[in-house]
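# Geometric and topological summary
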Amino acid sequence: MADIAEWARQQAWGVRLEWGSAGAIALGPGSACVVVVDVLSFTTSVSVAVEAGTRVLPYPWRDGGAAEFAARQGAALAVGRRAVSEQQPWSLSPAALRRAPVAERLVLPSPNGSAISAAVGGVPVIAACLRNASAVAGWIAGRGWGSARQPVAVIAAGEQWPGRADLRPAVEDWLGAGAVAAALARLGAGPLSPEAHAAAVAHEGIADVAALIRDCSSGRELAEGGFAQDVAVATEIERSQVVPVLTDGAFADAGR
């Protein structure tokens, strides 16, 4: 995206925010790091798996080469939520990951957060969610990142409309990105771009973020499909201290 207009790059700001793969490609170059936020459920699942000691390899969803890729990497392969079996107990469901045996390495495909993580190159990629927003912000601030000279790009993954490739901005990712931006601001990072500021204010202004996410479109979709426990895990606000950083193709806890 070399032809992206300068006004779209948010270059005057230390903490920037955009949506989806296009936003990551636009803001990633020149950033100190890219923070991917996909609350329901990729980055929440990454936080759960990394807590257990698993190294998580991102891979785009519905790519026929996923199984071959996992075999080459010596990794287990996560399947769709409804395809979980005794032989393949790993999926994008964070609740299922908690129940499954701990894999040393796990390929975790998803069309949003995983695809974004795999597409970013040249800068550190961090997986953030509502469970670890403050831990991620603390790790970033501890490296002196989050200034106009060393900016942070926070990417709200969003969803896709069923049966279409169109991006659906998702309130859970907006609030998750806002949680990261607000935590960075409290630690002295900034200035925040208008986009990052708006998300931070939205997050800070909601009395019960967990209840809102349970009732939002994505939360209802999972609950009606029988996966309400995934929403419960995703709304464990600030319960995790892991900082999953993509290193050598896999997310691992940078704090260990």
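Whatever comes next refers back to the structure up there.
Per chain, residues are indexed from 1 in the order of the written sequence. At least 70 in pLDDT is required for a residue's local features to be given in this predicted model, at least 80 for side-chain atom pairs to be given and counted, and no such filter applies to totals for whole chains, interfaces and linings, which use all residues. Side-chain calculation: all heavy atoms of the structure are included, whereas hydrogens and water are not.

### Some points on the overall build of the chain
Worth spelling out the cut-off: A run of H or I in DSSP becomes a helix once it reaches four residues, and a run of E becomes a strand once it reaches two; helices and strands are each numbered from the N terminus. Computation of the radius of gyration draws on C-alpha atoms, with the globule rule given as 2.2 Å multiplied by the number of residues to the power 0.38. Any two residues having at least one pair of non-hydrogen atoms within 4.5 Å are treated as being in contact. For the accessible areas, the method is Shrake-Rupley and the probe is 1.4 Å, while residue cover comes only from the protein chains on display. In this tally, Lys and Arg are treated as positive and Asp and Glu as negative; His is ignored, and so are the chain termini. To locate a charge, take NZ of a lysine, CZ of an arginine, CG of an aspartate or CD of a glutamate.
Along its length, the chain carries 11 helices and 11 strands. Taken over the C-alpha trace, the chain has a radius of gyration of 17 Å; the compact-globule value for 256 residues is 18 Å, and the two agree within 12%. Dimensions along the principal axes, computed over C-alpha positions, put the chain at roughly 50 × 40 × 40 Å. At a minimum sequence separation of 6, the contacts of the chain that also span at least 24 residues come to 74%. Carbon and sulfur atoms make up 52% of the accessible area of the chain, which amounts to about 10,900 Å² in all. Measuring between centres, the 20 positive side-chain charges of the chain sit 3 Å from its 24 negative side-chain charges.

### Observations concerning the packing of aromatic side chains
Just so we agree on the cut-off: Side-chain rings of Phe, Tyr and Trp, where Trp is taken by its six-membered ring, are said to pair if the distance between their centres is within 6.5 Å; with planes under 30 degrees apart they count as stacked, over 60 as edge-to-face, and otherwise as tilted. Exposed residues in this analysis have more than 50% of their type's maximum accessible area, buried residues have under 20%, and partly exposed residues fall in between, with area computed by a 1.4 Å probe over protein chains only.
Across all of its chains, the model carries 4 aromatic pairs by this definition. Between Trp-19 and Trp-174, the aromatic rings sit 6.2 Å apart at their centres with planes inclined by 5°, giving stacked as the arrangement. Of this pair, Trp-19 sits in strand β1 (residues 15-19) while Trp-174 sits in helix α7 (residues 171-186); the two residues are 155 residues apart in sequence, bridging distant segments of the chain. By relative accessible area, Trp-174 is classed as partly exposed at 23%.

### Brief notes about the environment of Arg-72
Along the chain, Arg-72 falls in helix α3 (residues 66-73). According to the relative accessible area criterion, Arg-72 is exposed, its value standing at 56%. The spatial distance from the C-alpha of Arg-72 to the C-alpha of Ser-93 is 24 Å, given a sequence separation of 21 residues.

### Looking at the packing of α7 against helix α8 (residues 194-204)
To be explicit about the condition: Helix axes are fitted to C-alpha atoms over the stretch in contact, other axes to C-alpha atoms as well, and angles between N-to-C directions run from 0 to 180 degrees. In this scheme, roughly parallel covers angles under 35 degrees and roughly antiparallel covers those over 145, while 65 to 115 is roughly perpendicular and the rest are oblique. Residues are grouped as follows: Ala, Val, Leu, Ile, Met, Phe, Trp, Tyr, Cys and Pro are nonpolar; Asp, Glu, Lys and Arg are charged; every other residue, Gly included, is polar.
Packing of α7 against α8 leaves a shortest axis separation of 7 Å and a crossing angle of 100°. Considered as vectors, α7 and α8 are oriented roughly perpendicular to each other. Facing Trp-174, Leu-175, Gly-178, Ala-179, Ala-181, Ala-182 and Arg-186 of α7, the residues of α8 in contact are Glu-195, Ala-196, Ala-198, Ala-199, Ala-200, Ala-202, His-203 and Glu-204. Among the residues forming the contact of α7 with α8, the class breakdown is 10 nonpolar, 2 polar and 3 charged.

### With respect to the state of the cysteines
Which entries qualify depends on this criterion: Criterion for a disulfide: a pair of cysteine sulfur atoms within 2.5 Å.
Taken as a whole and judged by the stated rule, the model has 0 disulfides. Its sulfur unpaired, Cys-216 is 15 Å from the next cysteine sulfur, which belongs to Cys-129.

### Quick look at the pattern of salt bridges
Side chains that differ in charge, positive against negative, can pair when their charged atoms come close. The condition that has to hold: Counted as salt bridges are all cases of a side-chain nitrogen of Lys or Arg within 4 Å of a carboxyl oxygen of Asp or Glu.
Taken as a whole and judged by the stated rule, the model has 8 salt bridges. For the salt bridge of Glu-68 with Arg-72, the shortest nitrogen-to-oxygen distance reads 3.4 Å. In this pair, Glu-68 and Arg-72 both sit in helix α3, 4 residues apart, roughly one turn of the helix. Accessibility expressed as a relative area gives 53% for Glu-68, which makes it exposed. We note a salt bridge from Asp-230 to Arg-81, for which the minimum N-O separation is 2.8 Å. A residue pair is termed long-range when its members are at least 10 positions apart, and Asp-230 in helix α11 (residues 228-234) and Arg-81 in the loop between β4 (76-77) and α4 (94-99) qualify at 149 residues. Among the ionic contacts, a cluster of salt bridges with common partners joins Glu-51, Arg-98, Arg-131 and Glu-236.

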